[in-house]
Amino acid sequence: MAEISKDLRLAKRLLEEAKLVAIPTETVYGLAGNALNPLAVASIFETKKRPSFDPLIIHVSDLSKVETYVTDFPAPLRKLAEVFWPGPLTLLLPKSSQIPDLVTSGLDRVAIRVPNHPLTLELLTSLDFPLAAPSANPFGYISPTLPVHVAAHLGDKIPLILDGGPCEVGLESTIVGLEDDKITVYRLGGLEIDVIEAVVGKVSIKDHSSSNPQAPGLLESHYAPSTPFVLGNLEELIPQYIQIGVPFAVLSFCKNWESVSNSKQLILSEKGDLKEAAANLFSHMRKLDELKVEVILAELMPDFGLGKAINDRLNRASVKS
Ligand code: TXA
Ligand code: MG
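1. What to know about the domain arrangement of the protein chain
Assigned domains within the protein chain: domain 1 (3-205) and domain 2 (229-317). Relative placement of domain 1 and domain 2: their C-alpha centres are 28 Å apart. Contacts between the two partners involve 20 residues from domain 1, matched on the other side by 15 residues from domain 2. Interface area, domain 1 with domain 2, both sides summed: about 1500 Å², of which 61% is carbon and sulfur. Three residues stand out in domain 1 for area buried against domain 2, namely I142, L171 and L188, and they jointly supply 40% of the buried area on that side.

2. Thoughts on the side chain of S283
For S283, the location among the structural elements is in helix α9 (residues 274-290). A relative accessible area of 11% places S283 in the buried class. Not counting chain neighbours up to four residues away, the residues in contact with S283 comprise T145 and H149.

3. Digging into the packing of helix α1 (residues 8-16) against helix α5 (residues 118-126)
Closest axis-to-axis distance for the α1/α5 pair is 10 Å, and the angle between their directions is 45 degrees. Taken together, the axis directions place α1 and α5 in an arrangement best described as oblique. Every pair of crossing elements has a handedness; the one defined by α1 and α5 is right-handed. Contacts between α1 and α5 involve L8, A11, K12 and L15 on the former and, on the latter, L119, E122, L123 and S126.

About the thresholds
- Residues numbered from 1 in each chain as written.
- Chains lettered and ligands numbered in written order.
- Predicted model: local features only at pLDDT ≥ 70, side-chain atom pairs only at ≥ 80, totals over all residues.
- Heavy atoms only, no water.
- Domains from an automatic or database assignment.
- Contact = heavy atoms within 4.5 Å.
- Buried area = accessible area lost by both parts, 1.4 Å probe.
- Helix = DSSP H or I, 4+ residues; strand = E, 2+ residues; numbered from the N terminus.
- Buried < 20%, exposed > 50% of the residue type's maximum accessible area, 1.4 Å probe, protein only.
- Axes fitted to C-alpha atoms, helices over the stretch in contact; angles between N-to-C directions.
- Parallel < 35°, antiparallel > 145°, perpendicular 65-115°, else oblique.
- Left-handed = near helix turned anticlockwise from the far one by under 90°.

What follows is the structure, encoded as structure tokens:
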């Protein structure tokens, strides 16, 4: 079983030996390996059972480290990096030959970010290579926001989980790049669109209603619990499921449902705070999944700010009728 500790020296040694270490970030835990070593990168794909057409994000300690890994850093994207790094923002930049093709699945851009977590920043600063790190969950399952989440699925496959506590943001980074010179958002995430637009003006959001080979994290079914997940109006859904007698649990935004026992419902934020809801989303989804009911009923958040990114994850987790 993986050790769960804050042992940075061990983490550094393992990574230098091309082994994998789970690392905390402000968004979700990552499954990290030396991004410049194709063997380490290959073992990330294998450990996660991730298809090789789904490229990885590389993590660096600060903006100055980006230059060697890219051939160009367009001004608007640099501006975003200056304002939001370290933070939940990933930039797609033209890759240099330093980055193995396996990292980018053969695409000509590499995804880069500076994560905002003190332990991981210290680790990155101590290494002389960047870390490739997808979320530390089996492909398609809910992303981990606690060390125990990582241990549950990958604990017997990796030697160390660096314990950085619960992830503060709780949603993956927002992915941004340039397309036809326009700032384009490829994945909604922990950095809100309006916050980005306040710095660089209007951005376009790529429609990911169908599978997108450019960013398979956006495949329609993703971030999904094993229990069927049904999204809709809880006021209508709850009585329906009570009536047909199917065992269910409820993921509610801010309201407690009196007709449902407290052991079968979780509230994302009693005060209706989207930031708190985002931080709780994945761990609540996991807890409800563990109840082994036949269906999880959930509702959408208000469609602004972080609510948009939460709704994106809820939609991808849900069964389509
Ligand atoms: O917050 C995060 O971004 C977390 C933490 C660990 O940093 N990482 C994360 O990684 O969510 P992952 O692998 O689960 O999701 C990365 C997404 C995938 O959807 C992938 O397709 C997309 O980034 N991506 C990576 N490189 C890309 C590239 N070169 N072009 C387009 N999309 C890319
Ligand atoms: Mg992921």
